[in-house]
Amino acid sequence: MFSQLSPARAHALFLGLLATGSLVVAGPCDIYSSGGTPCVAAHSTTRALYSAYSGALYQVKRGSDSATTTISPLSAGGVANAAAQDTFCAGTTCLITIIYDQSGRGNHLTQAPPGGFSGPESNGYDNLASAIGAPVTLNGQKAYGVFISPGTGYRNNAASGIATGDAAEGMYAVLDGTHYNGGCCFDYGNAEVSSRDTGNGHMEAIYFGDNNVWGTGSGSGPWIMADLENGLFSGSSSSNNAGDPSVSSRFLTAIIKGGPNQWAIRGANAASGSLSTYYSGARPSASGYNPMSKEGAIILGIGGDNSVGAQGTFYEGVMTSGYPSDATEASVQANIVAAKYATTSLTSGTALTVGSSISLRATTACCTTRYLAHTGATVNTQVVSSSSDTTLKQQASWTVRTGLGNSACFSFESIDTPGSYLRHYNFVLQLNANDGTKQFHEDATFCPQSGLNGQGSSFRVWNYPTRYFRHYNNVLYAASNGGVHTFDAASSFNDDVSWVVSSGFA
């Protein structure tokens, strides 16, 4: 049994094991092990979490032929080989099908099954995440996170070594602090093995978002809280803890840890600085949370009962056996900062200039004289040429704007209806007036990439990156490459989502 590290010893251990060759010589799980609280689950699509780990990080499946491949670190302890994914997925779409457990316990995360709530996929399963929705760099090397849209979720209901009952555990996750909503529930951590709500205290998971149905912190959110089942907790009270601040770091470290009648919430900017403690003390006073009744399943992006209304982005996270010391966590935070998470481009393909007018021509063989246009609120394709009347030319012309929901992408304002934008609603493209809400802004933001059929650009939906502008029977949808909707049909998908970008008709 290891003794708990003092702050000075933990910091010295970390400094003594800093990088030469791989990203860092001591990974987060090496640090937890040295602190006497070893990882029992370790998940990341961006890097190895042990210094010696060189195995699979995650698996992707491509849309063209359903083939799969595993993505591993470039070297032991290093960053994921994003180039291998890019090569494998070139000219098609890819989904993340498995997030592998690096701890050796086989606690892999796969597509979440139905539970108390059903997901949107066939047979009630949850959606899988796009493999390209969350690109980042670590120490300048490209990698991909896990972009969770509402309806997306991963789970393991037969995990090994995860805390049960009132046993002590810790967990951290590195998240995108700007990607959240108020849906239930963007979680990572310990949940029910049945995918159903089995009562108070049967979960212990990191929650991130601005849901205010249960507990809240200071300000309007988003907050790091604990999902303990039938409540999101910011402290000992079931309601508010003013010491739990609203947090907005682009890269966010979130920590929850709990043991017999003690637990804590901690957080930090994952790109710089040290951890702060937002709560540390006794279990909530409400009935059912002391002692806890944890069950030992693992969830990502969903609630314990498979609630699927949340969104967020996950880069890495672990779960431990035992209650980690603050000193150990300080060294883990230093390791995360040393990884140098940074943003990178979300776009490729034909360059767009904010303020310019563009028109988008279909490339499917049937429809190469048709352009993306609108008739009132309906977005469709219409035959347009230089001899078309002014009204039609304006209906097929769009002003490029900085993305309303993410400035790294774009929004498209109608030329003939100023103040109205292309947006998706129930995965149908519409032309609607900007109502100023966060939801509208996100639904009206699109990220162009090189056209999937080799022509022009394809326009990825920012908040549902498995989906693209697609014309189907001359109507525009936010479509995925195969799925439950008729407009998701795989046939001619690459052609239907590829558009030649030209100067606007008007």
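If you're wondering where the values come from, they're calculated on a predicted model, not measured in any experiment.

Asker: A description of the overall build of the chain should follow, citing residues and the corresponding values.
Answerer: Along its length, the chain carries seven helices and 33 strands. Against the compact-globule benchmark of 23 Å for 506 residues, the chain has a radius of gyration of 23 Å, which places it among compact chains. For the C-alpha atoms alone, the extent of the chain along its principal axes is close to 80 × 50 × 40 Å. Burial status across the chain gives 57% buried among its 506 residues. Long-range pairs, those at least 24 residues apart, make up 67% of the contacts in the chain between residues at least 6 apart in sequence. Roughly 16,900 Å² of accessible area belongs to the chain as shown, and the carbon and sulfur atoms make up 50% of that amount. Taking the average place of the 23 positive charges on the side chains of the chain and the average place of its 31 negative ones, the gap between the two points comes to 7 Å.

Asker: Account for the sheet that holds strand β21 (residues 341–343), with residues named and values stated.
Answerer: Whenever strands of a sheet pair, they do so through backbone hydrogen bonds, lying parallel or antiparallel. Taken in spatial order, the three strands of this open sheet run β8-β7-β21, and their pairing is antiparallel. On the outer flanks of this sheet lie β8 (141–144) and β21, each paired with one strand and no other. For this sheet, the mean inter-axis angle between neighbouring strands, taken without regard to orientation, is 40°. In terms of strand pairing, strand β7 (residues 135–138) meets β8 through four bridges, oriented antiparallel. Residue pairing for β8: Pro-135 is matched across the bridge by Tyr-144.

Asker: Run through the state of the cysteines, naming residues and quoting values.
Answerer: Summed over all chains, the structure comprises five disulfides. Bridging Cys-29 to Cys-39, the disulfide has an S-S length of 2.2 Å. Its torsion about the S-S bond being -95°, the disulfide of Cys-29 and Cys-39 is classed as left-handed. With Cys-29 in helix α2 (residues 28–34) and Cys-39 in strand β1 (residues 39–44), this residue pair connects regions lying ten residues apart in the sequence. Each of the two residues, Cys-29 as well as Cys-39, counts as buried. Paired through a disulfide, Cys-409 and Cys-447 show a sulfur-sulfur distance of 2.0 Å.

Asker: Which residues make up the nonpolar core, and what values do they have?
Answerer: Residues Tyr-154, Tyr-172 and Tyr-188 are the most contacted members of the largest nonpolar core, which totals 82 residues. Among the nonpolar cores identified, the runner-up in size contains 31 residues, and Trp-398, Phe-446, Ala-478 and Val-497 belong to it.

Asker: Explain the pairing of strand β11 (residues 169–176) residue by residue, including any values.
Answerer: Counted residue by residue, β11 has eight buried out of eight residues, so it is predominantly covered. Residue alternation in β11 divides its side chains into two sets, Glu-169, Met-171, Ala-173 and Leu-175 and Gly-170, Tyr-172, Val-174 and Asp-176, and both sets are buried. Where β11 lies against strand β16 (residues 251–259), eight bridges are found, and the strand directions are antiparallel. When the bridges of β16 are listed, Val-174 appears paired with Thr-253. Alignment of β11 against strand β20 (residues 312–321), held across seven bridges, turns out to be antiparallel. What sits directly across from Tyr-172, in β20, is Val-318.

Asker: Report on the packing of aromatic side chains, specifying residues and quantitative values.
Answerer: Per the stated rule, a full pass over the model turns up 18 aromatic pairs. Centre to centre, the rings of Phe-427 and Tyr-464 are 5.1 Å apart; their planes meet at 85°, and the pair counts as edge-to-face. Separated by 37 residues along the polypeptide, Phe-427 in the loop between β27 (420–425) and β28 (428–433) and Tyr-464 in strand β31 (residues 464–472) bring together distant segments of the chain. Among the residues examined, Phe-427 registers a relative accessible area of 17% and is labelled buried. Ring geometry for Tyr-477 and Phe-487: centres 4.3 Å apart, planes at 10°, overall stacked. Placement of the pair is Tyr-477 in strand β32 (residues 475–480) and Phe-487 in the loop between β32 and α7 (493–496), with a sequence separation of ten residues.

Asker: For the confidence of the model for the chain, give the residues involved together with the corresponding values.
Answerer: Residue-level pLDDT values for the chain average 95, and 95% of them are 70 or greater. Low pLDDT, under 50, characterises residues 1–24; the stretch is placed with 55 contacts to residues that sit more than four places away or in other chains.

Asker: I'd like a description of the layout of surface pockets, backed by residues and values.
Answerer: The computed volume of the largest pocket comes to approximately 720 Å³. Residue lining of the largest pocket: 35 residues in total, with Leu-95, Glu-121, Asn-127, Ser-480 and Gly-482 positioned closest to the centre. Taken together, the elements giving at least two residues each to the lining of the largest pocket come down to β2 (58–62), β4 (94–99), β6 (129–130) and β31. At five residues, β31 tops the list of elements feeding residues into the lining of the largest pocket. Grouping the constituent residues of the lining of the largest pocket by class yields 15 nonpolar, 15 polar and five charged. Computed from the structure, the second largest pocket encloses a volume of approximately 400 Å³. Lining the second largest pocket we find 21 residues, and of these Asp-86, Ile-132, Tyr-144, Ser-348 and Gln-449 sit closest to its centre. Breaking the lining of the second largest pocket down by element, the ones donating at least two residues are α3 (82–88), β8 and β29 (446–450).

Parameters at a glance
- Residues numbered from 1 in each chain as written.
- Predicted model: local features only at pLDDT ≥ 70, side-chain atom pairs only at ≥ 80, totals over all residues.
- Heavy atoms only, no water.
- Helix = DSSP H or I, 4+ residues; strand = E, 2+ residues; numbered from the N terminus.
- Rg over C-alpha atoms; globule rule 2.2 N^0.38 Å.
- Buried < 20%, exposed > 50% of the residue type's maximum accessible area, 1.4 Å probe, protein only.
- Contact = heavy atoms within 4.5 Å.
- Areas by Shrake-Rupley, 256 points an atom, 1.4 Å probe, with all protein chains shown as cover.
- Lys, Arg positive; Asp, Glu negative; His and termini not counted.
- Charge placed at Lys NZ, Arg CZ, Asp CG, Glu CD.
- Pairing = 2+ DSSP bridges.
- Axes fitted to C-alpha atoms, helices over the stretch in contact; angles between N-to-C directions.
- Disulfide = S-S within 2.5 Å.
- Core = buried A, V, L, I, M, F, W, Y, C linked by side-chain atoms within 4.5 Å.
- Phe/Tyr/Trp six-rings, centres within 6.5 Å; stacked < 30°, edge-to-face > 60°.
- pLDDT = per-residue confidence, 0-100.
- 1 Å grid on protein atoms, 1.4 Å probe; cavity = no way out; pocket = protein on both sides within 12 Å on 5 of 7 lines; lining within 4 Å.
- Points joined across faces, edges and corners; volume = space filled by probe spheres on them.
- Nonpolar A, V, L, I, M, F, W, Y, C, P; charged D, E, K, R; others polar.

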